[in-house]
Amino acid sequence: NKVFSCGTVSNSHDPNFKSVYPISALPNSSEWVSYTIHFQNTGNAAAEKVVIRDTLDPQFIIDSFVVLGSSHTMTTSKNNSALAFLFSNINLIDSATNAELSQGYVSYKVKLSAQLSNNSLLKNTAYIFFDFNDPVVTNTCLFPIIEPKLSIGRHLKNGLSIYPNPNNGEFYIN
């Protein structure tokens, strides 16, 4: 059992963010896409309750939604494409008291609709509520549906052949 994850490296860090894996898909594929929502209590007191609201893009098969795991005990509700993750009585300590214990996450997967065309772009943003405060809005995960293109520079063309062309993703290089 192995999991590989790709992510964007950036300089400043927001502890409340959303990530996606894989980072793209081929047109007309019906593969699983995994999202993880990370949260941290950066307030000045323990959070008794954390609620995460997330709305899936309609291009996902909503009934395929599966929770993969979470840092704390929680319940999940789903109303069409609207998801809610409720961490009741979490008593999440604040980051000034203990940075490591002030963090949490929830991870889930959902299947793509097989009718997605090339250059489609699925967008997804989560809203994290700590107690009765305004929501902390995560980054927007962009999930492109793209057909990879293979280009061969002029300096490589002599003696190089790729077949069959076109292909279904499996090809040979001589």
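Residues numbered from 1 in each chain as written. Predicted model: local features only at pLDDT ≥ 70, side-chain atom pairs only at ≥ 80, totals over all residues. Heavy atoms only, no water.

### Some remarks on the overall build of the protein
Stage number 1. On a plain count of helices and strands, the protein comes out with one helix and 13 strands.
Stage number 2. Secondary structure elements of the protein occur, N-terminal to C-terminal, as β-β-β-β-β-β-β-β-β-β-β-α-β-β.
Stage number 3. Relative to all contacts within the protein whose residues are 6 or more apart in sequence, the contacts with residues 24 or more apart total 65%. (Helix = DSSP H or I, 4+ residues; strand = E, 2+ residues; numbered from the N terminus. Contact = heavy atoms within 4.5 Å.)

### A short note on the sheet that holds strand S2 (residues 32-40)
Stage number 1. Pairing is antiparallel across the open sheet formed by four strands, whose spatial order is S1-S2-S7-S4. Single-partner strands in this sheet number two, and they are strand S1 (17-21) and strand S4 (60-70). Neighbour-to-neighbour, the strand axes of the sheet open up by a mean angle of 20°, direction not taken into account.
Stage number 2. Where S2 and strand S7 (residues 103-112) come together, nine bridges link them in antiparallel fashion. Of the residues in S7, the one forming a bridge with Val-33 is Val-110. (Pairing = 2+ DSSP bridges. Axes fitted to C-alpha atoms, helices over the stretch in contact; angles between N-to-C directions.)

### Considering the packing of aromatic side chains
Stage number 1. Counted according to the given criterion, the structure contains seven aromatic pairs.
Stage number 2. Taken together, a centroid distance of 6.4 Å and an interplanar angle of 65° make the contact between Phe-39 and Phe-130 edge-to-face. Taken together, the residues Phe-39 in strand S2 and Phe-130 in strand S9 (residues 126-130) connect sequence positions 91 residues apart. Each member of the pair, Phe-39 as well as Phe-130, carries the same accessibility label: buried.
Stage number 3. A ring pair is formed by Phe-65 and Tyr-108, whose centres lie 5.4 Å apart and whose planes are at 55°; its orientation type is tilted. Placement of the pair is Phe-65 in strand S4 and Tyr-108 in strand S7, with a sequence separation of 43 residues. Summarising the burial analysis for this pair, Phe-65 and Tyr-108 share the class buried.
Stage number 4. Each residue in the set Tyr-35, Phe-60, Phe-65, Phe-85 and Tyr-108 is aromatic and connected to the rest through ring pairs, giving one cluster.
Stage number 5. Geometry around Tyr-35 places Lys-18 over its ring, the cationic atom sitting 4.4 Å from the centre.
Stage number 6. Positioned over the ring face of Trp-32 is Lys-109, at 4.3 Å from the centre of the ring. (Phe/Tyr/Trp six-rings, centres within 6.5 Å; stacked < 30°, edge-to-face > 60°. Buried < 20%, exposed > 50% of the residue type's maximum accessible area, 1.4 Å probe, protein only. Lys NZ or Arg CZ within 6 Å of the ring centre and 35° of its normal.)

### Description of the environment of Ile-37
Stage number 1. Structurally, the position occupied by Ile-37 is in strand S2.
Stage number 2. Accessibility expressed as a relative area gives 0% for Ile-37, which makes it buried.
Stage number 3. In this structure Ile-37 touches Phe-17, Lys-18, Ile-52, Asp-54, Phe-85, Gly-104, Tyr-105, Val-106, Tyr-108, Ala-126, Ile-128 and Thr-138, once residues within four positions along its chain are discounted.

### Topic: the confidence of the model for the protein
Stage number 1. Looking at the protein, the pLDDT average stands at 88 and 87% of residues meet or exceed 70.
Stage number 2. Per-element averaging of pLDDT across the protein places helix H1 (residues 154-157) at the bottom with 52 and S9 at the top with 98. (pLDDT = per-residue confidence, 0-100.)

### Concerning unusual backbone geometry
Stage number 1. Of note, the bond from Tyr-21 into Pro-22 is cis; its omega dihedral lies within 30 degrees of zero at -5°.
Stage number 2. As for its position among the elements, Pro-22 is in the loop between S1 and S2.
Stage number 3. Even without being a glycine, Asn-80 presents a positive backbone phi close to 60°.
Stage number 4. Tracing the sequence through the fold places Asn-80 in the loop between strand S5 (75-79) and strand S6 (82-87).
Stage number 5. With a phi close to 45°, Asn-91 is a non-glycine residue in the positive phi region.
Stage number 6. With respect to the helices and strands, the residue Asn-91 is situated in the loop between S6 and S7.

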